[in-house]
Amino acid sequence: MPFPDCEFPDPMPDLAFPFALGLSSLATEGFEVRILDQRVLPHDVRMCVLRSLEDSALAIESMQVRGAPLIGVTAAYGVALALKKDASDQGLENALCRLGKTRPTAVNLHWALAQMAMRLEPLAPHARPHAAWQQAQALHRQEQGFAKAIGVHGLEWIKAQHNPNRPFQVLTHCNAGALATVGPGTALAPLYAAHRAGIDIHVWVSETRPRNQGWLTEWELRQAGVPCTLIADNAAAYLMTKGDVDWVIVGADRIARNGDTANKIGTALKAMAAHWHRIPFHVAAPSSTIDWACHQGEAIPIEARDPRELLNPPGTLMQVDIHLLSGRTLANPAFDVTPADLITGFITEQGICTPSSLQALQK
Ligand code: MRU
């Protein structure tokens, strides 16, 4: 294990790309789950160990772990950790219920809990702890495979689209990379693959206020040597107007069966701008992000986060005195829904499809 629990490494590494350090957003050792604490990135690198149900639930709630595929895998391990202490029917029920309430929008969380429930409920309590760990590891491996496959399919698209005489200019929003998943990412997986394949790409990374997940994307890409530029969220349409964006690719937190897609707040604005400029706009996500029971975007629950995030962006040293809040009204919706009409296509582990052919992916 590279670093002790929740302590700053000494000497502090040069904030190197997690993979280069042998770190990943989540790893297991024995019956322990180690995570990279994303609240302090990109300024600090800190590892934490999850040992219990409550550790896992708090890690998801506090956004030590974040990103739809990663919180799904964390929740699966959370169930396994809970059952080590109490594998009774009640213990299982409590774990599913506690983890299910941590965050509402990313369906991967609820999908992972449903998979765990399906596997564990029929078992006798004594058989559950071992089976739960195995099931969590299976989901973990599956999500790793999904991310890699998204990279392969996305690379094919980039190869077909890019002009070899100039850099391929990509715009992304939020963080849908290695930090948000247990593999190379969703939206970033094709970009890593293209860079490795020697394609000249450049990525515009929008900051993603208020939590600045774009800073994580810029950090990831820079550590991996992918040329990128951090921009304010509001700069995207300007760059499109200038002809400086060839492609927009984003991740997803929940995709309704008609293709309407919930992703980090600000995504829909980018889709609208891309549509107007006739720039292709793709959503990259594993099939665990598709909610077949949800018919359209209106039914997707949108997380309302603590409005204080607007004034105190996590990971920054900026602190606004709480007294400044008095008499103010703030709102912090964390996701928006991009209508399927604005989406050129979905890149999943199964390949690339249009919104109208999405339903063919249902097994
Ligand atoms: O609130 P977060 O940071 O957990 O947001 C989820 C996301 O990371 C994004 O919306 C992302 O684009 C999709 S998840 C790979």
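Residues numbered from 1 in each chain as written. Predicted model: local features only at pLDDT ≥ 70, side-chain atom pairs only at ≥ 80, totals over all residues. Heavy atoms only, no water.

### A closer look at the overall build of the protein
At step 1: Assigned secondary structure in the protein consists of 9 helices and 14 strands.
At step 2: When each of the 363 residues of the protein is scored for burial, the buried share is 59%.
At step 3: Intrachain contacts of the protein at a sequence separation of at least 6 include 76% that bridge at least 24 residues.
At step 4: Approximately 15000 Å² of the protein is accessible, and the part contributed by carbon and sulfur atoms is 54%. (Helix = DSSP H or I, 4+ residues; strand = E, 2+ residues; numbered from the N terminus. Buried < 20%, exposed > 50% of the residue type's maximum accessible area, 1.4 Å probe, protein only. Contact = heavy atoms within 4.5 Å. Areas by Shrake-Rupley, 256 points an atom, 1.4 Å probe, with all protein chains shown as cover.)

### Here we look at the environment of lysine 84
At step 1: Mapping lysine 84 onto the fold places it in helix H2 (residues 68-85).
At step 2: For the pair lysine 84 and arginine 51, spaced 33 residues apart in sequence, the C-alpha separation works out to 9.8 Å.

### Considering the sheet that holds strand E12 (residues 335-338)
In sheet architecture, strand pairing relies on hydrogen bonds along the backbone and comes in two forms, parallel and antiparallel.
At step 1: One open sheet holds the 4 strands; their spatial order is E11-E8-E9-E12, and the pairing between them is mixed. At either end of the open sheet lies a strand with only one pairing partner, and these are strand E11 (290-291) and E12.
At step 2: Pairing geometry for strand E8 (residues 254-256) and strand E9 (residues 261-264), over 2 bridges, is antiparallel. Across the sheet, the residue bridging to arginine 254 is alanine 262, located in E9.
At step 3: Strands E9 and E12 of the sheet are contacted by helix H9 (residues 267-276), whose axis makes an angle of about 30 degrees with E12. (Pairing = 2+ DSSP bridges. Axes fitted to C-alpha atoms, helices over the stretch in contact; angles between N-to-C directions.)

### What about the site of the ligand?
At step 1: In the vicinity of the ligand there are 18 residues, among which Arg66, Arg103, Asp253, Asn263 and Lys264 approach most closely.
At step 2: Here an oxygen atom of the ligand sits 2.9 Å away from a polar atom, N or O, in the side chain of glutamine 213.
At step 3: For the ligand, an oxygen atom lies 2.7 Å from a polar atom in the side chain of lysine 264.
At step 4: Relative to its unbound accessible surface of 400 Å², the ligand loses 99% to contact with the protein. (Near = heavy atom within 4 Å. Polar contact = N/O pair within 3.5 Å; in protein donor to acceptor, adjacent residues only side chain to side chain.)

### Section: the packing of aromatic side chains
At step 1: Enumeration according to the criterion identifies 4 aromatic pairs in this entry.
At step 2: Ring geometry for tryptophan 157 against tryptophan 247: centres 4.7 Å apart, planes inclined by 25 degrees, an arrangement best described as stacked. In this pair, tryptophan 157 is assigned in helix H5 (residues 128-161) and tryptophan 247 in strand E7 (residues 247-250), connecting sequence segments 90 residues apart. As far as the burial class goes, tryptophan 157 and tryptophan 247 line up, both buried.
At step 3: When the ring of phenylalanine 168 is compared with that of tryptophan 247, the centres are 6.0 Å apart and the planes differ by 40 degrees; the resulting orientation is tilted. Of this pair, phenylalanine 168 sits in strand E4 (residues 168-173) while tryptophan 247 is found in strand E7, placing the two residues 79 residues apart along the sequence. Of the two residues examined, phenylalanine 168 and tryptophan 247, each falls in the buried class.
At step 4: Grouping aromatic residues by their ring pairs yields a cluster made of Phe31, Tyr77 and Trp133. (Phe/Tyr/Trp six-rings, centres within 6.5 Å; stacked < 30°, edge-to-face > 60°.)

### Observations concerning the side chain of arginine 128
At step 1: With respect to the helices, strands and loops of the structure, arginine 128 is situated in helix H5.
At step 2: Assessed through its relative accessible area of 2%, arginine 128 is described here as buried.
At step 3: Engagement of the side chain of arginine 128 in a polar contact is seen with the backbone oxygen of alanine 87, the distance being 2.9 Å.
At step 4: Here the side chain of arginine 128 touches leucine 120 through a polar contact of 3.0 Å, landing on its backbone oxygen.
At step 5: Among residues more than four places away in sequence, those in contact with arginine 128 are Leu83, Ala87, Ser88, Asp89, Leu92, Leu120, Glu121 and Leu123.

### A few points about the packing of H2 against helix H4 (residues 107-120)
At step 1: In the contact formed by H2 and H4, the axes pass within 7 Å of each other and the chain directions differ by 35 degrees. Considering how the two elements wind past one another, H2 and H4 form a crossing that is right-handed. Contact with H2, carried on its side by Ala68, Pro69, Ile71, Gly72, Ala75, Ala76, Val79 and Leu83, involves Asn108, Leu109, Ala112, Leu113, Met116 and Leu120 of H4 and no other residues of that element. (Left-handed = near helix turned anticlockwise from the far one by under 90°.)

### Re helix H6 (residues 189-196)
Quick reminder: α-helices carry 3.6 residues per turn. Residues three or four places apart thus point the same way.
At step 1: Counting buried residues in H6 gives 6 out of 8 residues, a clear majority hidden from the surface.
At step 2: All buried positions along H6 are accounted for by Ala189, Pro190, Leu191, Tyr192, Ala193 and Ala194.
At step 3: Of the surrounding elements, those touching the buried residues of H6 are H5, E4, strand E5 (201-206), helix H7 (213-223) and E7.
At step 4: One or two residues past the end of H6 sits glycine 198, with phi positive at roughly 85 degrees.

### Focus: the confidence of the model for the protein
At step 1: For the protein, per-residue confidence averages 91 on the pLDDT scale, and residues scoring 70 or more make up 90% of the total.
At step 2: Scored below 50 in pLDDT, residues 1-18 makes 43 contacts in the model with residues more than four places away or belonging to other chains. (pLDDT = per-residue confidence, 0-100.)

### Observations concerning the pattern of salt bridges
Pairing of side chains with opposite charge becomes possible as their charged atoms draw close.
At step 1: Under the defined criterion, the tally for this structure stands at 16 salt bridges.
At step 2: Across the pair glutamate 218 and arginine 222 runs a salt bridge whose closest N-O atoms are separated by 3.0 Å. Here the residue glutamate 218 and the residue arginine 222 both occupy positions in helix H7, the gap between them amounting to 4 residues, near one helical turn.
At step 3: Owing to a relative accessible area of 16%, glutamate 218 belongs among the buried residues under this scheme.
At step 4: With a relative accessible area of 47%, arginine 222 lands in the partly exposed category.
At step 5: Sharing partners across several salt bridges, the network here consists of Arg103, Arg211, Glu303, Arg305 and Glu309. (Salt bridge = Lys/Arg side-chain N within 4 Å of Asp/Glu carboxyl O.)

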